[in-house]
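# Survey of secondary and tertiary structure
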Amino acid sequence: MPGKSAPEGSWIGKPVRRVEDARLLRGRGAFIDDHPPVANACHAAIVRSPHAHARILGYDVAEALAMPGVVGIITGEDVAKSTKPFSVGVTAPVQYYCAATDRARFVGEPVAVVVARDRYLAEDAAEAVVVRYEPLPVVVDPERALEPDAPVLHEAVGSNLAGHRRLVYGDPDRAFADAEVVIRQRFRFPKYGSTPIETYGIIARWDDLEGILTVWSNFMGPFIMHPLTARVLGVPENRMRFIVPPDIGGSFGIKSSIYPYIALIALCAMKTGVPVKWIEDRREHLIASSSGTDRIADRELAARRDGTVLGMRYRWLDNVGGYIRSPEPGCSFRPTGNFVGPYRFQHLEVDASVVMTNKSLTGPNRGYACGHLYFETESMMDLLAAEVGLDPAEVRRRNLIPADAFPYRTPTGGYYDSGDYAATLDKALEIAKYDELKRERATARAAGRYVGIGLALAVDPSVSNMGYVAVALDPQFRAKPEYLPKSGAVDSATVKIDPLGRVTVIMGTTPQGQGHQTIVSQIVADELGLTPPEVTVVDEMDTFTRVWSISSGTYSSRFGSVGTSAAALAARKLKAKLVEYAAHLMDVPAEQLEFRDGAVRLRTGKGASYSVKDLAGRAHWHTQSLPEGMEPALQATAVFGFTVSQAVDAEDRVNSSNTYGFIAEVMAVEVDPATATIKILRYVTVHDAGTIINPMIAEGQIYGGALHGLGGALYEEMAYDADGQMLTATFMDYLVPTASEAPEIDIAHVVSPSPLTTLGSKGLGESSSMTVPAVLANAVSDALAPLGIRITELPITPTRLWPLIREARAKA
Amino acid sequence: MDKNETATVKLTVNGAPHEGRCPPRKLLVDFIREDLALTGTHVGCEHGVCGACTILVNGEAARSCLMLAVQADGAELITVEGLAKDGKLHPLQQAFHEHHGLQCGFCTPGMLLTALDFLRTNPQPSEQEIREGISAVLCRCTGYHGIVKAIAAAAPVLKQS
């Protein structure tokens, strides 16, 4: 069993089977489309722009309004009249409404909504809505978008540049002046998204008597979007209730971007006076939900001949599509604290431009920005190894942050809490039998086969510190007295004991398949001397009843660090209360007592004890028996936060996440030169995520994350033609890996417990999604090294690779 | 026939007879979910690729998003709700539980019924055959690892029964 070995009697570290499975295996999960929480909901069908860029001249809705079952139609005019644009994360005056008002800026942008008695009727009428457009020139290429004569999407901005920051850490110019070796390379990273199999879904009800807007949706957080949406709709925050059903059909970051639709469907409910339900279809999801950015990166690396990296320069062009939607430009700045990855170089320049083009909008996608970052960095490390004549493992080892340097402050402000990077790399090499692999490669090459080995290392950040978003703003702007600094990452849990001693835990973490109920039951069972099935875990977010804050939700791998910490802390608080109560009943000082095996006992082991059930019965039935001043309730709420979550400083340094795991991977591949297909021969991934609470669930996250990385590296791309029409609007064209494409994976763990979390755990939900593009590109490049081919652009499709092979072979 | 007129659909679902009226254009999956209130069958793409809506129609796996309800008139359907018997999970469901063959559970109903049909035609599959057999269903959580293990583990149990 991988992970930290569990102490006797401990549930933490055990592969406890999931409590969620019972309902999900029987088809009795409660997903957004399953159990209508309100009667007589009408259905929405969204009319979307067929143009990538067009001025909206007007709407003819009379015919559609007269169709059977139609209750109402909302157009961009209503949106402009009745809502405000969403706040954006940059100072550029981008007006982003929940639907197009004057202009459509990407294919699929909502322009109107039909509300009808059922979905069939709504779709009929949506086809009859006439929107008059004046097509405008289109730009989809981010470099072209910045040329002076390019079509401009937002006239108020004046150009397509949504934001630009030049960040300087240390003295990069000197590092490059001192360098014995300078390497430069351009990379392209594709636009792809994790396409959860359950699409977006929303049900909105407007109660005009109480003025309360209730929205059920498969929104995953962050709940900063709650106040942002309330502002857009002009509803007081405490009159707007977000409820998330217990089951979400996957998200991987994508469902954090549902919030503009929440505003749009809520507006429909408010305008029509009926509850409105909208379930996105797959085509809508592919053309208009969310994805990561496509990026053009120009990298430079300065090093000494011995392989020591002195500094780097990153020049990025991130394409956020038609509007910059929050939390973008997280695409550039989410990894600020771990920009340097696992390496100890001190000098870095980052020149990040965020560009708007006529493509769909972007946002968090599993590994948010880290897949891009490590694809570039790890390719550069291989280029350095080749240049100085070192083995790729050796060049990395020479630059790793040493184990005795933790906790380690990176030049960009990151605070790496724990780790042993060299040991983790060594473990990966050992499991992969690296030397043997190299011998096999030599044999294969001698036989004319294209076999290669790739390595990739990554610092795996979890629990975003909300403060990182401010890196997008100039320090002068942040220095203004009216500017409010931002920081933090918190989560809460409540544990309560009923009159018969039964334990219930209440969470609001919006799980999307990560088994939170199971994990929390393990943690609380350990704390209170129970078995996991004895603990009931309710994990349903409701902003009216849960303790929450702007950072709440399950994203950036935060549950494994912050939700688990809150659950353990709440149980400990309650346990302390039980001890105090028993001390009062036994008339002994609390220090003489301990909580052991589900009862409060004397530390000496002698004398009477009070079981939880006994104490619960007394406390509920006989409050007079409580000590003076004790709150008469057997429940405790803990809100866990990180003190290392601080605002960005004047030098643009920020600890952008709160815990930092580590990943070391080795992959061997063979490329068939005739078909340009890639076969994975061996894939080893070693993770350090601190204490592993449930190794079965942890491994599941790694398998899933790796396949998302594989999709982006080999198959998935949201492709557009020059007119901004999307070419991959179905699952026939947007290729998602199937079981046949999934490689065998050798998974191992190293455990460096985090000193910052209650249980020593760190997040690992994003895991290998951020390393597979890098390790695969490196392995394929190594395989094709005899032909002089270096992979600098993803996905590595046969259509992209085959011409390179043909050309190289023709030359050779 | 007008698209909003209704037709009668009589069918057997999980052994029980059902009768309903719906417009002839109504998808079978919508009929199952809305008219029969069996929400275990999920809709993932509505164009027959993701496989989440897979059910058994007269014993064979079929995508209920690519059929009209009226086409299933007279048919015998098995949906995910029909797998567990007497409060006990079907051996395939049990194997999914033991081998972590699901995370979010959204593709799971389609995956289970696809695997069931596959094991009927190939009761003793190799791992590669399992992978190909379920490649008609997309899962984005598990990387398929636990699913493949679960199907391999369930195969001998099902062969016996």
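Read on for a plain summary of the structure.

Rules used throughout
- Residues numbered from 1 in each chain as written.
- Chains lettered and ligands numbered in written order.
- Predicted model: local features only at pLDDT ≥ 70, side-chain atom pairs only at ≥ 80, totals over all residues.
- Buried ≥ 20, exposed ≤ 12 C-beta atoms within 10 Å, placed from the backbone.
- Helix = DSSP H or I, 4+ residues; strand = E, 2+ residues; numbered from the N terminus.
- Pairing = 2+ DSSP bridges.
- Right-handed = clockwise from strand over helix to strand, strands pointing away.
- Core = buried A, V, L, I, M, F, W, Y, C linked by C-beta atoms within 7 Å.
- Contact = placed C-beta atoms within 7 Å.
- Axes fitted to C-alpha atoms, helices over the stretch in contact; angles between N-to-C directions.

It is a general feature of regular strands that their side chains alternate between the two faces of the sheet. Residue and element names in this part refer to chain A. Of all 5 residues making up strand β20 (residues 503–507), 4 are buried, and the element is well covered by its neighbours. Of the pairings in the sheet, the one linking strand β19 (residues 490–497) to β20 comprises 4 bridges and is antiparallel in character. When the bridges of β20 are listed, Ile497 appears paired with Val503. Linking β19 to β20, which pair antiparallel, is a turn of 5 residues; within it Gly501 sits at a positive phi near 90°. Inspection of the sheet shows β20 paired to strand β21 (residues 535–539) by 5 bridges, in the parallel sense. Across the sheet, Thr504 pairs through a bridge with Thr536, a residue of β21. For the segment spanning β20, helix α16 (residues 516–528) and β21, crossover handedness is right-handed.

Turning our attention to the nonpolar core. All names here are of chain A. Counting 325 residues, the largest nonpolar core has Val114 and Ile265 as its most contacted members. Ranked by residue count, the leading element in this core is helix α17 (residues 559–586), at 13 residues. Every residue in contact with Ile265, bar those within four places of it in the chain, is listed here: Ala44, Ile202, Ala204, Val276 and Trp278.

Within a beta sheet, neighbouring strands are joined by backbone hydrogen bonds and run either parallel or antiparallel to one another. Residues and elements named next belong to chain A. Pairing is mixed across the open sheet formed by 5 strands, whose spatial order is β7-β15-β14-β13-β8. Of all the strands in the sheet, just β7 (161–169) and β8 (181–189) have a single pairing partner and so form its edges. Averaged over all neighbouring strand pairs, the angle between strand axes comes to 5°, with direction disregarded. Pairing analysis gives 8 bridges linking β7 to strand β15 (residues 347–355), with the strands arranged antiparallel. Looking at the pairing, Gly163 lines up with Val354 of β15. Helix α11 (residues 370–388) contacts β8 and β13 (294–303) of the sheet and is inclined by roughly 145° relative to β8.

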